[in-house]
Amino acid sequence: MQDELRPQDVWLSERFADYYRRNPTPMPAVVERFREREFGFLFHGQKFFLRHVGMPTPRELRQFMIQRAPAHAYYSTAFYQDPNAKTMVEKGWRGAELIFDLDADHVPGAEKLGYRAQLEKVKDHFLRLVEDFVMRDFGFAEKDLLLTFSGGRGYHCHVLHGRALGLNSAERREIVDFVTGTGLQLNAFIRPMTLRTKGFGRFQKADNTVVIPADDEPGWGGRINEAIRLHLAALKALPAEKKDDVLRMNFNGITKARLLTLQKDLDHLDEDRIRGVRFPDGTRRGIVDVGVEIYKYMERTLTFDTLVPLAKGETDEPVTSDVKRLIRLPGSLHGKSGLRVVTLDLDDIRGFDPLADAVAFGTEPIRIRVEKPANVDVAGFQADLPVGEATVPEAAAVMLMCRGAAVPI
Amino acid sequence: MDVQLLARYPYVPLAREYVKAQGYQLGDLLVDAAFERVRRRAVQRVKGSMERDGIADVAAATEAESEVELLSYPVARLLLAELHDPYLTSRYAVAESKLLNERLSSEQDDRVVWTVATALGVPLEAASDTESFARLHFLDFLRHAPGRDPSWKLVNQRLSAGFVSLDRARVVRLTEQALKDRLEDEVAELERPGREVAKAFPKELPELTTILAAHRARFAQDTSGEVRIEAFPPCMKAIWGGIQAHVNIPHMGRFAIVTFLHKLGMDSEAVLKFFSQVPDFDVNKSRYQIEHITGKIGGGTEYSTPGCSTMQTYGICPLEQRDEVCFSITHPLNYYRKRLRTLPPAKPSPPATPPAQEAANAG
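Residues numbered from 1 in each chain as written. Chains lettered and ligands numbered in written order. Predicted model: local features only at pLDDT ≥ 70, side-chain atom pairs only at ≥ 80, totals over all residues. Heavy atoms only, no water.

Draft legend 1. Geometry of the overall build of chain B. When helices and strands are counted, chain B shows 18 helices and 3 strands. Relative to the 2.2 N^0.38 estimate, which gives 21 Å for 363 residues, the radius of gyration of chain B is 23 Å and therefore close to what a compact globule would have. Referenced to the eigenvectors of the C-alpha coordinate spread, the extents of chain B come out at roughly 70 × 55 × 35 Å. The contacts of chain B with a sequence gap of at least 6 include a subset with a gap of at least 24, amounting to 70%. Carbon and sulfur atoms form 52% of the exposed surface of chain B, whose accessible area is close to 17,700 Å². For chain B, the centre of its 45 positive side-chain charges and the centre of its 48 negative side-chain charges are spaced 4 Å apart. (Helix = DSSP H or I, 4+ residues; strand = E, 2+ residues; numbered from the N terminus. Rg over C-alpha atoms; globule rule 2.2 N^0.38 Å. Contact = heavy atoms within 4.5 Å. Areas by Shrake-Rupley, 256 points an atom, 1.4 Å probe, with all protein chains shown as cover. Lys, Arg positive; Asp, Glu negative; His and termini not counted. Charge placed at Lys NZ, Arg CZ, Asp CG, Glu CD.)

Draft legend 2. The arrangement of the packing of aromatic side chains in detail. Under the definition given, this model contains 28 aromatic pairs over all chains. When the ring of Phe138(A) is compared with that of Phe138(B), the centres are 4.9 Å apart and the planes differ by 25°; the resulting orientation is stacked. One end of the pair, Phe138(A), is in the loop between α4 (115-137) and β7 (145-149); the other, Phe138(B), is in helix α8 (residues 138-144), on a second chain. Take Phe138(B): its relative accessible area is 0%, and that puts it in the buried class. Residues Phe232(B) and Phe260(B) carry aromatic rings whose centres are separated by 5.3 Å and whose planes lie at 90° to one another, so their mutual orientation is edge-to-face. Separated by 28 residues along the polypeptide, Phe232(B) in the loop between α11 (204-222) and α12 (234-244) and Phe260(B) in helix α13 (residues 251-263) bring together distant segments of the chain. (Phe/Tyr/Trp six-rings, centres within 6.5 Å; stacked < 30°, edge-to-face > 60°. Buried < 20%, exposed > 50% of the residue type's maximum accessible area, 1.4 Å probe, protein only.)

Draft legend 3. Looking closely at the domain arrangement of chain A. All names here are of chain A. Considered domain by domain, chain A is made up of domain 1 (7-180 + 316-360), domain 2 (186-311) and domain 3 (361-409). Opposite the 19 residues of domain 1 that make contact, domain 3 presents 17 residues. Regarding the contact of domain 1 and domain 3, the summed buried area is about 1,500 Å², with carbon and sulfur atoms giving 67% of it. When residues of domain 1 are sorted by the area they lose upon contact with domain 3, Gln 8, Trp 11 and Arg 15 head the list and together hold 35% of the total. (Domains from an automatic or database assignment. Buried area = accessible area lost by both parts, 1.4 Å probe.)

Draft legend 4. Structural detail: the pairing of strand β3 (residues 72-76) of chain A. All names here are of chain A. Within β3, 5 of the 5 residues are buried, which leaves it mostly tucked inside the rest of the structure. Both faces of β3 are covered, namely the face carrying His 72, Tyr 74 and Ser 76 and the face carrying Ala 73 and Tyr 75. With 4 bridges joining them, strand β1 (residues 38-42) and β3 adopt antiparallel strand pairing. Opposite Phe 39, over in β3, you have Tyr 75 as the bridge partner. Strand direction decides the pairing type here: β3 and strand β13 (residues 326-328), joined by 3 bridges, are antiparallel. (Pairing = 2+ DSSP bridges.)

Draft legend 5. Quick peek at the sheet that holds strand β14 (residues 342-344) of chain A. Residues and elements named next belong to chain A. Spatially, 4 strands are ordered β6-β8-β7-β14 in an open sheet, and the strand pairing comes out antiparallel. At either end of the open sheet lies a strand with only one pairing partner, and these are β6 (98-103) and β14. Taking each pair of neighbouring strands and ignoring which way they run, the sheet shows an average axis angle of 25°. (Axes fitted to C-alpha atoms, helices over the stretch in contact; angles between N-to-C directions.)

Draft legend 6. Quick peek at the packing of α13(B) against helix α14 (residues 268-275) of chain B. Residue and element names in this part refer to chain B. As a packed pair, α13 and α14 sit with axes 10 Å apart at the nearest point and diverge in direction by 125°. In this view, α13 runs oblique relative to α14, as classed from their interaxial angle. Both α13 and α14 take part in a crossing whose hand is right-handed. Note on element contacts: α14 touches α13 through Val 271, Phe 274 and Phe 275, opposite Ile 257, Val 258 and Leu 261. Its residues assigned to classes, the contact of α13 with α14 shows 6 nonpolar, no polar and no charged. (Parallel < 35°, antiparallel > 145°, perpendicular 65-115°, else oblique. Left-handed = near helix turned anticlockwise from the far one by under 90°. Nonpolar A, V, L, I, M, F, W, Y, C, P; charged D, E, K, R; others polar.)

Draft legend 7. Quick look at a negative patch on the surface. Residue and element names in this part refer to chain A. A contiguous patch of negative charge on the surface is contributed by Glu 142, Asp 345, Asp 347 and Asp 348. If you trace the backbone, Asp 347 turns up in helix α12 (residues 346-351). A relative accessible area of 64% means that Asp 347 is categorised as exposed. (Patch = residues over 30% accessible without salt bridge, like charges linked within 9 Å, V, L, I, M, F, W, Y side chains within 5 Å. Salt bridge = Lys/Arg side-chain N within 4 Å of Asp/Glu carboxyl O.)

Draft legend 8. Layout of the packing of helix α5 (residues 63-83) of chain B against helix α6 (residues 86-105) of chain B. Residues and elements named next belong to chain B. Contact geometry of α5 with α6 gives a least axis separation of 10 Å together with a crossing angle of 160°. When the axis of α5 is compared with that of α6, the two are roughly antiparallel. Here α5 and α6 pass one another in a crossing that is left-handed. Between α5 and α6, the contacting residues are Glu 69, Tyr 73, Ala 76, Leu 80 and Leu 83 on the first element and Leu 88, Tyr 92, Glu 96 and Arg 103 on the second. Looking at the contact of α5 with α6, its residues break down into 6 nonpolar, no polar and 3 charged.

Laid out in structure tokens, this is it:
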């Protein structure tokens, strides 16, 4: 049943086992309600995924990790009455953590970057996800959260708050839709209002003005304000002919006179007024003095072109809406990088450098044969390696072998 | 709360306590001539749930009238327990909750809205701004928010530090939903009452049964007698496809599709016949289970089909294959009915492709 193990699989298994032996850090301590979790494992050079493993005590898990030295270790976000059972019905679902998983794949523009730069970018977006959405909008406190570096190219946010555990899949979907701005309806937030008129006497006509949420509105309101300001600034910055083109494209038969009026409106936009103005009823709202055509243009293009990409958070939708996900075990090693899955405080994240702070191995020189040209940058060691023999620090050797770029000599 | 108010909202815990405190016994309510009007109103409640206009709102001016209205509620529940029909239960939950909406909407006193909402499991908190009526923690909001309308999506709400701001109309709508969910759960679990209920309503029960059957016939007519696989929701298509491919479908999946077919009007023999389209299907092994699930043997319980939420909890719902109809319903049977309406009428001859291929293509 077992596949033939290659030299690098044996080597890595030994190093991983050694790491687990040397690190008595009780990784299971971060996993609450330990006995109700299902564990899952993948092994170096083996294709099968070992699932439905329940661990009666943390000691069993530690021994398993040392003996079997898995390449990847996971635990269920869900709690089960019987984690060993093979089907969901028999397992007996007892709730699940609410999970946000942010990976370089979800962050636009990250694909083009090198590994180190990707990690930085993902970290920024993760901080925004946690601080703006999870803590500010959803109101979860830091003590309700478990934040981890995934060991690969991303971060996980686990919400452990008791009330969130019973959420079903549809409810979790609503939560992730909130983060990604899916289904956002602009007219739930902004509306045209007749605040001014044009003309005199019997020629007086209403000219629309748009009332929008103020810049300090909670939830999506404030984000919409920001997006509108940016959008209008971009429109305003276009050269006059381009501006005309945009408006003409969106409105057939617009007269030159009207175009001039709209141009003037755009030029006279007052950013402070857009940010927010105190109304007589005590509320604070943003006012955008633009003709109805620009309002309609915003309505049409804002959500798709500007608003959502600018303001939304990113996260993996299927992960959050799944009520029974397997997720990386904190303290375990990631089999594609050799880095550790690290638990972090919010304050630590800003200064966190995975390539230094998530390193599990040392500087012992190891002779390897590089089979694919590779760039490696870990634990302070940086090199561009061509095909052929090389001697590199242990941490780099592990990373290269995990990536499949090198084999031991 | 005075009895007039309790009469309007008989499902709040205070109402139950009032009935107990007054010493009313269910046995007397059923038998005593003095409670004739209570029994009549109870029947009206149940009947109303099958009518287009729902349950008629009656104004209770005097204390006596209020007591009639209040007491008719537990008696109506007895009728439902006796009739023991999931379809009726569902309709009743909808009708009572719509009546609740009407009544709450017309309340002059905001505090009544607060009290009823909180009593029904919508834990409102004071609004933090002048514009809103109340705030609700977003997790409670999610539990009761109606699913279909995009304006109810969490992303379109004013959410601050975990709380959603609501106007009064929305609070009323959430309370309506909370009552509907609660009634569906509670009434489904009511035990079959003893003979006294049947004895107390010798005429009315058969009448209600007939009306229910007529309703059902209309419902069954939607399925044109013949079950149409093209209208199956993605979950059922996936299960059916798996059964034909002899993939090991988890118990909940097999259970779900049997109850689904049964609710569409198939009895256990028809279900078995449906399944025997699958080559090498072991009829004998499955006969016992199918007959049990459809209530033919073993206690007579006809199990209801799991709703979407349950299907997702058990991992049966193929989340990535959901379509727009999926997002407009919360129960596979409703998907089927909706989808059926959009299909052309069934062709008289059997389809050219074998059902397995059809389901695989469509799924």
